[in-house]
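# Secondary and tertiary structure notes
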Amino acid sequence: AQSVAQPEDQVNVAEGNPLTVKCTYSVSGNPYLFWYVQYPNRGLQFLLKYITGDNLVKGSYGFEAEFNKSQTSFHLKKPSALVSDSALYFCAVARRTGANNLFFGTGTRLTVIP
Amino acid sequence: DVKVTQSSRYLVKRTGEKVFLECVQDMDHENMFWYRQDPGLGLRLIYFSYDVKMKEKGDIPEGYSVSREKKERFSLILESASTNQTSMYLCASSLLNSGNTIYFGEGSWLTVV
């Protein structure tokens with residue numbers, strides 16, 4: 001079975017400071033890993049994904065994430081947070097075989113404080 | 001840009017009513033999905049479809065059915081709405097194989113009273 005854990009329901013960070021949103025996963029075999037962002041009353045927007053290759057993945061809006069196989073983690077990071085980054089962030093995992101079906105974490109609400 | 005359009009953003013229905021949620025995508029994607037989003041539970045897959053007239057149950061199919069008569073359109077049906085189906089429903093689409101990005105619509109807020 002596959003699962004995703006986002007251990008923090010809420011992350012607060014001051015504007016201009018670096019931010020990290022944590023994600024760990026459990027899946028048989030090598031995973032595909034995704035981050036999505038959701039702004040209020042909107043659908044999910046794709047930020048970035050890890051498929052293969054370089055463990056550091058760069059995505060939209062200055063976000064990046066690092067795949068760590070030994071720690072089964074895929075933490076989302078940004079060097080300098082903006083107030084506009086305040087949103088709900090979802091990590092998701094997919095198996096490499098079979099249907100293209102994502103399993104999502106429960107989400108982390110990021111608040112950037114001016 | 002990929003566009004996934006959910007025709008109804010906000011609906012209020014009565015218990016026992018039959019509810020249709022419609023979704024259309026314009027990128028010729030093979031896969032289409034219906035998720036349900038609830039606070040503290042994240043997104044849970046209700047049904048998905050990888051081809052016209054094909055459907056697969058997700059994690060929480062009870063109380064729901066789906067229809068995919070055309071490639072671009074995927075409908076979610078609540079045969080007899082109940083209050084515990086009050087939720088945000090998200091439609092999504094993607095190319096067939098695992099690893100392809102899944103694109104989401106704006107969501108449909110359903111309240112069952």
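First, a word on scope: everything that follows refers to the structure included in this document. Position numbers for residues start from 1 in each chain and track the written sequence from start to end. The order in which chains are written sets their letters, starting at A; the order in which ligands are written sets their numbers, starting at 1. The model is predicted, so local features are restricted to residues of pLDDT at least 70 and side-chain atom pairs to those at 80 or more, both for listing and for counting; the totals for chains, interfaces and linings are taken over all residues. Only hydrogens and water are set aside; all other atoms, that is, all heavy atoms of the structure, feed into the side-chain values.

Across the contact, 28 residues belong to chain B and 25 residues belong to chain A. When the two sides are added together, the surface that chain B and chain A hide from each other amounts to roughly 1800 Å², 50% of it contributed by carbon and sulfur. When a carboxyl oxygen of Asp or Glu lies within 4 Å of a side-chain nitrogen of Lys or Arg, that pair is called a salt bridge. The tally of links between chain B and chain A comes to one salt bridge. Note that B:Glu106 is salt-bridged to A:Arg42, the shortest N-O span being 2.3 Å. What qualifies as a polar contact is a pair of N or O atoms within 3.5 Å, subject to a donor-acceptor requirement within protein and to the restriction that residues adjacent in sequence count only when both atoms come from side chains. Viewed at the interface, chain A and chain B are joined by eight residue pairs in polar contact (both at pLDDT 80 or more). For the side of chain B that touches chain A, a count of residues per class yields 14 nonpolar, 11 polar and three charged. Contacts are assigned to residue pairs that have any heavy atoms within 4.5 Å of one another. The quantity reported as buried area is the accessible area (1.4 Å probe) lost by two parts once they are put together, taken as the sum for both. Think of it as three bins: nonpolar holds Ala, Val, Leu, Ile, Met, Phe, Trp, Tyr, Cys and Pro, charged holds Asp, Glu, Lys and Arg, and polar takes everything else, Gly as well.

Let's shift gears to the side chain of B:Arg68. Residue and element names in this part refer to chain B. Along the polypeptide, Arg68 turns up in strand 7 (residues 64–70). Within the structure, Arg68 has its side chain in polar contact with the backbone oxygen of Lys71 (distance 2.6 Å). Once residues lying within four places of it in the same chain are set aside, the contact partners of Arg68 are Gln25, His29, Glu30, Asn31, Met32, Ser49, Tyr50, Asp51, Val52, Lys53, Arg73 and Phe74. Strands are runs of DSSP state E lasting at least 2 residues, helices are runs of H or I lasting at least 4, and numbering of each runs from the N terminus.

So, on to the pattern of salt bridges. All names here are of chain B. Across all of its chains, the model carries eight salt bridges over all chains by this definition. Of the charged contacts in the structure, one is a salt bridge between Asp38 and Arg36, with a shortest N-O distance of 2.8 Å. In this structure, Asp38 and Arg36 share a single accessibility class: buried. When salt bridges with common partners are traced through the structure, they connect Arg36, Asp38 and Arg44 into a single cluster. Residue burial is assigned from relative accessible area. The probe radius is 1.4 Å, only protein chains are included, and a residue is buried under 20% of its type maximum, exposed over 50%, and partly exposed in between.

Our next topic: the state of the cysteines. Only a pair of cysteine sulfur atoms within 2.5 Å qualifies as a disulfide here. One pass over the structure, following the stated rule, counts two disulfides over all chains. The residue that forms a disulfide with A:Cys23 is A:Cys91, at a sulfur-sulfur distance of 2.0 Å. On the sign convention where negative means left-handed, the S-S torsion of about -65° between A:Cys23 and A:Cys91 marks this disulfide as left-handed. Of the two residues, A:Cys23 is situated in the loop between strand 3 (19–21) and strand 4 (24–26) and A:Cys91 in strand 10 (residues 87–95); the sequence distance between them amounts to 68 residues. Classification of A:Cys23 by relative accessible area gives buried; the value is 0%. Note on A:Cys91: relative accessible area 0%, which makes it buried. Each sulfur in the disulfide pair B:Cys23 and B:Cys91 lies 1.9 Å from the other. Its S-S torsion of approximately -80° makes the covalent link between B:Cys23 and B:Cys91 left-handed. Taken as a pair, B:Cys23 in strand 3 (residues 19–25) and B:Cys91 in strand 9 (residues 87–94) lie far apart in primary sequence, 68 residues in all. The two residues B:Cys23 and B:Cys91 agree in class, both being buried.

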